[in-house]
Amino acid sequence: MAEIKLAADIRTEFGKGAARTVRRENKVPGVIYGHGTEPVHVTLPGHELLLALRTPNVLLSLDIDGKNELAIPKAVQRDAIKGYLVHVDLLLVKRGEKVTVEVAVETEGDLAPGSFLVENVLNTLSVEAEATHIPTSVTVSIAGLEAGDAIHAKDVTLPSGTTLVTDPDAVVIQILAAQAEEPAAETEEEAAEA
């Protein structure tokens, strides 16, 4: 996992008006917290942060007044209509520290021949990994599975150094038989006309 470097400026003005002014400058207001420290209010470059957040569980290397800090996104607020970043909460992490994050579940392979459907019961798994080695996703093979088969969280192969936090018996993916629509029953009038 790559670290993305961003320059962050400390914010001294707070409130709606100050946040709007920051956003007009194509920056995003945010707060950095964790490790028992006081929260630090910052502004981050909007476009660079938007690109960085496209990577799930991205590790950000922040330059805050000459001091380098590592952080991961904890909460990201976007405008509901236009989609631009409104605010971001970042959690401080240290190299070697274990963090709990949500990792996307992806499928690969083809089901057994027949009419089967894949139901993704869980789209993400909670895992614990080192802050500098967070996986972006886990891949599950559905090759050859048939109706009634299920893959549980304990069956998912995780990258080395990553441990499962989600309930091991939780169903991640299950295979269902495709349901054919039943033909409409003939009414007595239609039967009499035939």
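Structure first, text after, so check above.
Residues numbered from 1 in each chain as written. Predicted model: local features only at pLDDT ≥ 70, side-chain atom pairs only at ≥ 80, totals over all residues. Heavy atoms only, no water.

Description of the sheet that holds strand S2 (residues 27–34)
The six strands lie next to each other as S1-S3-S2-S6-S5-S4, forming a closed barrel whose pairing is mixed. The mean angle between the axes of side-by-side strands here comes to 45°, regardless of whether they run parallel or antiparallel. Note: strand S1 (residues 3–10) against strand S3 (residues 37–45), two bridges, orientation antiparallel. Bridging across to S3, Ile10 finds its partner in Val42. Taken strand by strand, helix H1 (residues 16–24) contacts S2, S3 and strand S6 (85–93), and its axis lies near 120° from that of S2. (Pairing = 2+ DSSP bridges. Helix = DSSP H or I, 4+ residues; strand = E, 2+ residues; numbered from the N terminus. Axes fitted to C-alpha atoms, helices over the stretch in contact; angles between N-to-C directions. Contact = heavy atoms within 4.5 Å.)

Details of the sheet that holds strand S8 (residues 116–120)
An order of S8-S13-S11 is seen for the three strands of this open sheet, with the pairing classed as antiparallel. Among the strands making up the open sheet, the edge pair consists of S8 and strand S11 (150–152). Going across the sheet, the axis of each strand differs from the next one's by a mean of 10°, ignoring polarity. In this structure, S8 lies alongside strand S13 (residues 171–177), joined through five bridges in antiparallel fashion. Bridging across to S13, Phe116 finds its partner in Ala177.

Remarks on the side chain of Asp89
Tracing the backbone shows Asp89 in strand S6. With no salt bridge to any partner, buried Asp89 finds its closest opposite charge in Arg11, at an N-O distance of 7.8 Å. Polar contacts involving the side chain of Asp89 include one to the side chain of His87, which spans 3.2 Å. Asp89 has contacts with Val31, Tyr33, Ile72, Pro73, Lys74 and Ala75, leaving out every residue within four places of it along the chain. (Buried < 20%, exposed > 50% of the residue type's maximum accessible area, 1.4 Å probe, protein only. Lys, Arg positive; Asp, Glu negative; His and termini not counted. Salt bridge = Lys/Arg side-chain N within 4 Å of Asp/Glu carboxyl O. Polar contact = N/O pair within 3.5 Å; in protein donor to acceptor, adjacent residues only side chain to side chain.)

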